[in-house]
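Okay, here's what each chain looks like letter by letter:
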Amino acid sequence: MKVKIDAKENFEERHHGKSEKELTNMLSVVGVKNVEELIQQTIPPHILLKKELQLTDSMSETDFLKHIQKKSNENKVFKSYIGLGYYETITPSVILRNILENPGWYTAYTPYQAEISQGRMEALINYQTMVCDLTGMELANASLLDEGTAAAEAMALLFDCKNKEKGNTFFVDNTLFPQTIEVLKTRAEPLGIHLIIDQVKKIDANDKNIFGILIGYPNGEGEVICYEETIKQLKNQQIKIAFCTDLLALTILKPPGEYGADVVVGSSQRFGVSMGFGGPHAAFFATKEAYKRSIPGRIIGVSLDKEGNKTYRMALQTREQHIRREKATSNICTAQVLLAVIASMYAVYHGPDGLQKIAYKILALTQALHNALKLLGISQKNEHFFDTLKLHIAPDIQAKIKKTAEENAINFRYTDPYLFIALNETDTIENIQKIIDIFASVYTQKTETIPQEVDIHIPQKFIRSSTFLNHTIFHTHRTEHEMLRYIKYLENKDISMVHSMISLGSCTMKLNATTEMIPLTWEGFANIHPFAPQEQTKGYLSLIQELSHSIKEITGFTGVSFQPNSGAQGEYAGLMVIRAYHLSKGNPHRNIALIGASAHGTNPASASMAGLKIVIVPCDEKGNIDIQDLKIKVEQHKDQLNCLMITYPSTHGVFEDSITEVCDIIHNAGGQVYMDGANMNAQVGLTSPASIGADVCHLNLHKTFCIPHGGGGPGMGPIAVAAHLTPFLPEHIFTPQVSMQGIGAVSSAPFGSASILTISYAYISLMGKKGITKATQYAILNANYIKERLKDHYKILYTNKNGRCAHEMILDCREFKAIGIEVEDIAKRLMDYGYHAPTVAFPVPGTLMIEPTESESQKELDTFCNALISIRTEIQEIKETKMPQENNVLKNAPHTFRTVTSEEWNLPYSREKAAFPLPYLRYNKIWATVSRIDNGYGDRNLFCSCIPIPQ
């Protein structure tokens, strides 16, 4: 027997999860000879790619880890004192290993199905409580994307809620972080908001045009300034007040809420989340109760379940602004859940005393550094400070300091004529002594020695007197043992991908392979400042360049920007690029966006944020774009047409044959075509946005390219564009300007949440050109397999002319309303079978949209189908009056362990039917920890902080 010596592990086979026998069985059920025949019946032949992707071959997992280790080593990990909202921090090992590196936490889905999401929602309630307590505000959301975009959301909220007599001017503290100011500029312009960027003391409180102000506290240069009198004047003139602040500083400083703030924003990055070359990080947004219906993003609230227990759920009226579609004042559809969980656990682990101890240590070290530099004759301009010193130093001396500092692997922030030093929790006396030695050597003076104790100099008026984090949860987890148990206790309340398939249509919950996740926490990727000099970030830059090449090849486009750090942010960026293109052509009047009726809610919300007017195009009876209506609306608005926003394959799970005609209609009228990339998992390697005729698309890297969902975030939404749009891609103040026409910053960091790009880079490298194409084929196969298995039990809403669906399909459950069964009942009953429900009631009310992805085996697909078939049998029992309409297994689902084991059982079915409707559940049962939640009660009694412990 001959054995191949250089045989290597094939990752692709691990990812796809199907044996040859399973593949043969599935093809037989679908009714095709091979996968290629199925693809020919599914995708219109005129848009199929004519050649395979020009990407690299697949790597083994071992070879890839060696390869990316070299990339990591190309990054130089300097001690970072740049600041600007990004700081070195310590992630407690118990949190690092058991949350960030734990698939039980990072593979969970957004908590739409609250009964099986209680763990992460408790962690998010802790986060909201932490933010409210530290900021002194009444209400906080479950996090946003980054500090710059959170500041822009504050501006938009205050603009939406401004007094009617006020104008459209927003005053911005000119000492905010420069990247935050740049994002504000980008976001203000299409909304018609005029910015004044100046010193806070120069604001004219009597100016009727000013509706709000954004103040830094501490400001972006590190100074702590008391604006109490100015704020009183502004409040008297009904000017609304927002603060950008630092949560750690607020353990010492008087909180903004006590000054009268309307909104407080910032980043929780330094609460145990590494810099990661820019992210992901959970931004916070806190406000007054009065603005609860305007707050962007998601809020976790408290309600009651069927048994009367207090439970958590997403507060419906504040859950997502994008359900308002074109009337939205924000397009935020996600939160950085995984990072918010880490930040909240950091606060739980340290408690108020621990956080304050860290803050005072930083303040004391900063004071000691200030004292020593003063003795060296260096002028320090911040009268009061927390962690940052502003040194007045001539450019020629700065150059000498920079050279010496970099020889000692240290980065400061250099401007003319100031040098900034921002300290953090990782600093020690030894670190500070090293800084002093550098300055002493440049100034050729004797070095100063730091004392063991130092007097701090913050006026009493700045010092916080109010208590914070008083809830028991922040006082009972000091030991690692208790913390570990708490983390596992919460984890065990949730269903994630470690338990079973999560088949959410349009959300693409696929395998997030362990090897893809490993490099994320390596020091060479985790501890890089996003504004570090380029010569220190060569590993990141080469990885990003290679990933950019891959995305260009996959999409067929020529330009890519990684700056957008969510899918909705990508939508906004893409639309702003199109807008800039039209402006460059002298067509500012082109402001109409045509959007399909079945589009994601973020589409019209993003268009609204980009200053566009929305016109809806309906679907025909087959779920496709109504071509005749499209032609009428294009003709009606041809002189004002900006773009068409489409999803392809459609949100109804079909590759529409008319897609190239649709794009031609738009182009012939002078418009552009924006393709939503939510369904890109059905395109990769088989067709492309360029092939269908689109001009720009965003890609959800947390869907198609394997970044895990993280319970609702992190995410990345890079955009790819055709050649004519490339000059308009987003620019950033901390990267070399590429084009004079770029749209400006859309996120705080140049490459968005850059650290998680390592995951998508790993996926493409491990799968190779053949593997990622096969992934698309298998995603389509799996969806059609499920369709065939379920078609005799449920109505399949849409298919193409060959009876095929794309990578997802829709079950029509509306007929069951006649016997009192809603689609929600099916979703809740699936929990009893150990499954998270597919997408409920989108894009069509009363339906389930199923997307199995390529990663599931036939066994898992069959188990899921058997569960749905069993539920259909239960529905039939109700239809045949064998079970009452209002008291049956669906209406009472999910059934908790407490319910099934209670002494009393008065239900018209057995305990066994409730808990173990199929045999496999006897050996692998996942219990919902709460019963059906009363959303109405939660809406009527909005409560969004930790539940008080009974005394």
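Read on for a plain summary of the structure. Since we're looking at a predicted model, the values are computed, not measured.

## Description of the nonpolar core
The tendency in soluble globular proteins is for nonpolar side chains to be buried as a group. Residues Met-345, Ile-421 and Phe-439 are the most contacted members of the largest nonpolar core, which totals 237 residues. No other element matches the 22 residues that helix α11 (residues 337–375) contributes to this core. The residues contacting Phe-439, other than those within four sequence positions of it, are Leu-373, Leu-376, Ile-378, Leu-391, Ile-393, Ile-401, Phe-412, Leu-419 and Ile-421. Counting residues in hydrophobic clusters, the runner-up holds 35 residues, among them Val-172, Ile-193, Val-263 and Cys-944.

## Description of helix α13 (residues 429–442)
In this model α13 runs 20 Å from its N-terminal to its C-terminal C-alpha over 14 residues, within 8% of the 20 Å that 1.5 Å per residue would give. Listed in full, the buried residues belonging to α13 are Asn-431, Ile-432, Gln-433, Ile-435, Ile-436, Ile-438, Phe-439, Ala-440 and Val-442. Tucked into the core, α13 has its buried residues touching β1 (79–80), α11, β12 (388–392), α12 (395–407), β13 (410–411) and β15 (418–422). Remark: Thr-444 follows α13 within two positions and exhibits a positive phi of approximately 45°.

## Some thoughts on the packing of helix α18 (residues 567–584) against helix α19 (residues 602–609)
The geometry of α18 relative to α19 is characterised by a closest axis approach of 9 Å and an angle of 45° between their N-to-C directions. Between α18 and α19, the crossing angle belongs to the class labelled oblique. The way α18 lies across α19 gives a crossing that is right-handed. Packed against α18, whose contacting residues are Ala-568, Glu-571, Tyr-572 and Leu-575, the element α19 presents Thr-602, Asn-603, Ser-606, Ala-607 and Met-609 at the interface. Class assignment for the residues of the contact of α18 with α19 results in five nonpolar, three polar and one charged.

## Topic: the sheet that holds strand β26 (residues 847–850)
Overall, antiparallel pairing links the four strands, which are arranged β23-β24-β26-β25 in an open sheet. Strand pairing shows two members of the sheet lacking a second neighbour, β23 (795–796) and β25 (839–840), which therefore form its edges. Inspection of the sheet shows β25 paired to β26 by two bridges, in the antiparallel sense. Looking across to β26, one finds that Val-840 is bridged to Leu-848. Sitting on the sheet, helix α23 (residues 757–790) touches β23, β24 (809–812) and β26, and the angle it makes with β24 is about 20°.

## Observations regarding the pairing of strand β6 (residues 240–246)
Along β6, seven of the seven residues are buried, which leaves the element largely enclosed by surrounding structure. The alternating pattern of β6 places Lys-240, Ala-242, Cys-244 and Asp-246 on one face and Ile-241, Phe-243 and Thr-245 on the opposite face, and all of these are buried. Sheet topology places strand β5 (residues 210–217) next to β6; six bridges connect them, and they run parallel. Within β6, the position partnered with Gly-216 by the bridge is Cys-244. Tracing the backbone out of β5, into helix α10 (residues 228–236) and back to the parallel element β6 gives a crossover that is right-handed.

## A look at the layout of surface pockets
The computed volume of the second largest pocket comes to approximately 980 Å³. Of all elements in the fold, only α12, β14 (413–414), α17 (538–555) and β16 (559–561) reach the threshold of two or more residues within the lining of the second largest pocket. Considering every element that reaches the lining of the second largest pocket, the biggest residue donor is α17, with six residues. Residue classes in the lining of the second largest pocket are distributed as 21 nonpolar, 14 polar and five charged.

## Some points on the pairing of strand β18 (residues 613–617)
Where a strand is regular, its side chains alternate between the two sheet faces. Strand direction decides the pairing type here: strand β17 (residues 592–596) and β18, joined by five bridges, are parallel. Bridge pairing in β18 places Ile-595 opposite Ile-616.

## Description of empty space enclosed by the protein
Overall, the coordinates contain seven cavities of 30 Å³ or more when judged by the stated rule. Put simply, the largest cavity is a space of about 290 Å³. Taken together, 27 residues line the largest cavity, and the ones lying closest to its centre are Gly-85, Tyr-87, Phe-177, Asn-219 and Asp-246. Of all the secondary structure elements, the ones that give two or more residues to the lining of the largest cavity are β5, β6 and β15. With three residues, the single largest contributor to the lining of the largest cavity is β6. Residues belonging to the lining of the largest cavity are distributed by class as follows: eleven nonpolar, eleven polar and five charged. Within this model, the second largest cavity holds a volume of roughly 130 Å³.

## Quick look at the packing of aromatic side chains
Between two aromatic rings, the relevant description is the distance of the centres plus the angle of the planes. In total, this model carries 26 aromatic pairs according to the counting rule given. Aromatic pair Phe-412 and Tyr-414: ring centres 6.4 Å apart, planes at 70°, arrangement edge-to-face. In this structure Phe-412 comes out as buried when scored by relative accessible area, which is 4%. With relative accessibility at 25%, the residue Tyr-414 sits in the partly exposed group. Seen in terms of ring centroids, Phe-705 and Tyr-763 are 6.3 Å apart; in terms of plane orientation they differ by 75°. Their pairing is edge-to-face. With Phe-705 in the loop between β21 (696–698) and β22 (719–721) and Tyr-763 in helix α23, the pair connects residues that are 58 residues apart, well separated along the chain. In this structure Phe-705 comes out as buried when scored by relative accessible area, which is 1%. Here a set of aromatic residues connected by ring pairs shows up, and it is made of Tyr-81, Phe-412, Tyr-414 and Phe-439. Lying across the ring of Tyr-418, Lys-390 places its NZ or CZ 4.3 Å from the centre. Directly above the ring of Phe-420 sits Arg-413, whose terminal nitrogen or CZ lies 4.4 Å from the centroid.

## Quick notes on the pattern of salt bridges
Taken as a whole and judged by the stated rule, the model has 47 salt bridges. In this structure, the salt-bridge partner of Arg-932 is Asp-825, at a minimum N-O distance of 3.1 Å. Of this pair, Arg-932 sits in the loop between α27 (911–915) and β27 (933–934) while Asp-825 sits in helix α24 (residues 823–832); the two residues are 107 residues apart in sequence, bridging distant segments of the chain. By the burial criterion, Arg-932 is buried, and Asp-825 matches it. The structure contains a network of salt bridges with shared partners spanning Glu-52, Asp-57, Lys-769 and Lys-770.

## So, the sheet that holds strand β4 (residues 194–198)
With mixed pairing, seven strands are arranged side by side in an open sheet as β2-β8-β7-β6-β5-β3-β4. Two strands lie at the open edges of the sheet, namely β2 (139–140) and β4, each paired on one side alone. Where β2 lies against strand β8 (residues 283–287), two bridges are found, and the strand directions are antiparallel. Bridge pairing in β8 links Ala-140 to Ala-286. Against the sheet, helix α7 (residues 118–135) contacts β2, β7 (263–267) and β8, and its axis sits at roughly 65° relative to β8. Lying over the sheet, helix α8 (residues 147–160) contacts β3 (169–173), β4, β5, β6, β7 and β8, oriented at roughly 165° with respect to β7.

Calculation criteria
Residues numbered from 1 in each chain as written. Predicted model: local features only at pLDDT ≥ 70, side-chain atom pairs only at ≥ 80, totals over all residues. Heavy atoms only, no water. Core = buried A, V, L, I, M, F, W, Y, C linked by side-chain atoms within 4.5 Å. Buried < 20%, exposed > 50% of the residue type's maximum accessible area, 1.4 Å probe, protein only. Helix = DSSP H or I, 4+ residues; strand = E, 2+ residues; numbered from the N terminus. Contact = heavy atoms within 4.5 Å. Expected span 1.5 Å × (residues − 1). Axes fitted to C-alpha atoms, helices over the stretch in contact; angles between N-to-C directions. Parallel < 35°, antiparallel > 145°, perpendicular 65-115°, else oblique. Left-handed = near helix turned anticlockwise from the far one by under 90°. Nonpolar A, V, L, I, M, F, W, Y, C, P; charged D, E, K, R; others polar. Pairing = 2+ DSSP bridges. Right-handed = clockwise from strand over helix to strand, strands pointing away. 1 Å grid on protein atoms, 1.4 Å probe; cavity = no way out; pocket = protein on both sides within 12 Å on 5 of 7 lines; lining within 4 Å. Points joined across faces, edges and corners; volume = space filled by probe spheres on them. Phe/Tyr/Trp six-rings, centres within 6.5 Å; stacked < 30°, edge-to-face > 60°. Lys NZ or Arg CZ within 6 Å of the ring centre and 35° of its normal. Salt bridge = Lys/Arg side-chain N within 4 Å of Asp/Glu carboxyl O.

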